[in-house]
Amino acid sequence: MRVVAFSDGVIAIAVTLLVLEIRPPEDTRHLLHSLASLWPSYLAYVVTFMLIGQMWANHHVMFDHIRSADRVVLFLNTVLLMDIAFLPFAASVLAQAFRHGEGQRTAVALHGLTLELAAILFNVIWWYVRHDRRLLASNIDAAGAKAIGRRFQLALAWIAAGTLLGILFPPLGVAVIAAFIPYYWLPIPREIAKARRRRDGAAGT
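Residues numbered from 1 in each chain as written. Predicted model: local features only at pLDDT ≥ 70, side-chain atom pairs only at ≥ 80, totals over all residues. Heavy atoms only, no water.

Engineer: Can you walk me through the packing of aromatic side chains in this structure?
Structural biologist: In this description, an aromatic ring pair is defined by two values, namely the gap between the centres and the angle between the planes. Tallied over the full model, the rule gives six aromatic pairs. Between Tyr45 and Phe49, the aromatic rings sit 5.6 Å apart at their centres with planes inclined by 55 degrees, giving tilted as the arrangement. Taken together, the residues span about one helical turn, with Tyr45 and Phe49 both in helix α3 (residues 39–64) at a distance of four residues. According to the relative accessible area criterion, Tyr45 is partly exposed, its value standing at 26%. Judged by its relative accessible area of 31%, Phe49 is partly exposed. A ring pair is formed by Trp126 and Phe152, whose centres lie 6.5 Å apart and whose planes are at 85 degrees; its orientation type is edge-to-face. Here Trp126, found in helix α5 (residues 104–130), pairs with Phe152, found in helix α6 (residues 142–168); they are 26 residues apart in sequence, far enough to count as distant. (Phe/Tyr/Trp six-rings, centres within 6.5 Å; stacked < 30°, edge-to-face > 60°. Helix = DSSP H or I, 4+ residues; strand = E, 2+ residues; numbered from the N terminus. Buried < 20%, exposed > 50% of the residue type's maximum accessible area, 1.4 Å probe, protein only.)

What follows is the structure in structure tokens.
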């Protein structure tokens, strides 16, 4: 599907731009200390890279079950990609705020709201294709579609909670959003089980 290939390209560029925001230290006389002082950049890089990676993985999960994309899906996907492409800037602002100790609440809010918009768009796209069954592939049943929807809804609530906490206490907000990473990489049980049954059925024929 051309939309997946295009999306993969945009996401690949976004994660590549993340590392470009980490500037080499100018003070090479105390290089080890200067490198260590860049820890906010390393943190923003790792957290944002892994979150974009999750978006990429879940984008594939979603489009594995979309048979065709109409103009609504294409438009929503374009807005989603625009939001993902903005994340390197939000990560850079977050790193700068923690490095200088100023504007941390605003930086966490910007980063969190950018992630939250992505979560909203995932939910809207999946809600739209679920309610227009002609767009869904035949390789997923109602239970599988519901399971994917629940995972996307969880992201919506989790990131919103982290963002709100970050406005009150920035390090806690970042920690809550970062804690989302290991959980969200877990497979979606019903979606994986469905794929397993399809493979087993094909192997038995």
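Engineer: Whenever I open this one, the layout of surface pockets confuses me. Can you help?
Structural biologist: A water-sized probe rolled over the atoms picks out the places where empty space is left. Roughly 210 Å³ of internal volume is contained in the largest pocket. Along its surface, the largest pocket is lined by 15 residues, and Glu21, Arg23, Ser41, Gln96 and Arg99 are the ones closest to its centre. For the lining of the largest pocket, the secondary structure elements donating two or more residues are α3 and α4 (71–100). When residues in the lining of the largest pocket are grouped by element, the largest group, seven residues, is from α4. (1 Å grid on protein atoms, 1.4 Å probe; cavity = no way out; pocket = protein on both sides within 12 Å on 5 of 7 lines; lining within 4 Å. Points joined across faces, edges and corners; volume = space filled by probe spheres on them.)

Engineer: Would you take a moment to explain the environment of Asn77 for this structure?
Structural biologist: Mapped onto the secondary structure, Asn77 falls in helix α4. Put simply, Asn77 and Thr48 are 29 residues apart on the chain and 20 Å apart in space, counted from C-alpha to C-alpha. If sequence neighbours within four positions are ignored, Asn77 has contacts with Val3, Ser7, His59, Phe63 and Ile125. (Contact = heavy atoms within 4.5 Å.)

Engineer: It is not clear to me how a nonpolar patch on the surface should be interpreted in this structure. Could you clarify?
Structural biologist: Taken together, the side chains of Leu31, Leu35, Trp39, Tyr42 and Leu43 make up a nonpolar region of the molecular surface, amounting to roughly 440 Å² of accessible area. Going through the elements one at a time, α2 (31–36) and α3 are the ones with two or more residues in the nonpolar patch. (Patch = residues over 30% accessible without salt bridge, like charges linked within 9 Å, V, L, I, M, F, W, Y side chains within 5 Å. Areas by Shrake-Rupley, 256 points an atom, 1.4 Å probe, with all protein chains shown as cover. Salt bridge = Lys/Arg side-chain N within 4 Å of Asp/Glu carboxyl O.)

Engineer: Would you mind going over empty space enclosed by the protein with me for this structure?
Structural biologist: Scanning all chains against the criterion turns up three cavities of 30 Å³ or more. One number sums up the size of the largest cavity: a volume of about 150 Å³. Taken together, 14 residues form the lining of the largest cavity, with Met55, Phe122, Ala155, Phe180 and Tyr184 sitting closest to its centre. Listing elements by their share of the lining of the largest cavity, those giving two or more residues are α3, α5, α6 and α7 (170–184). A total of five residues in the lining of the largest cavity trace back to one element, the largest contributor, which is α5. Empty space within the second largest cavity amounts to approximately 50 Å³. Lining the second largest cavity, in full, are Val47, Leu94, Val108, His111, Val174 and Ile177.

Engineer: Can you help me understand the packing of α6 against α7 in this one?
Structural biologist: To characterise two packed helices, one gives the angle between the axes of the helices and the distance between these axes. Their axes nearest at 5 Å, the elements α6 and α7 cross at an angle of 160 degrees. As judged from the angle between their axes, α6 and α7 are roughly antiparallel. Of the two elements, α6 crosses α7, and the hand of that crossing is right-handed. Here Arg151, Phe152, Leu154, Ala155, Trp158, Ile159, Gly162, Thr163, Leu165, Gly166 and Leu168 of α6 lie close against α7, whose contacting residues are Pro170, Leu172, Gly173, Val176, Ile177, Ala179, Phe180, Tyr183 and Tyr184. Of the residues assigned to the contact of α6 with α7, the class counts are 15 nonpolar, four polar and one charged. (Axes fitted to C-alpha atoms, helices over the stretch in contact; angles between N-to-C directions. Parallel < 35°, antiparallel > 145°, perpendicular 65-115°, else oblique. Left-handed = near helix turned anticlockwise from the far one by under 90°. Nonpolar A, V, L, I, M, F, W, Y, C, P; charged D, E, K, R; others polar.)

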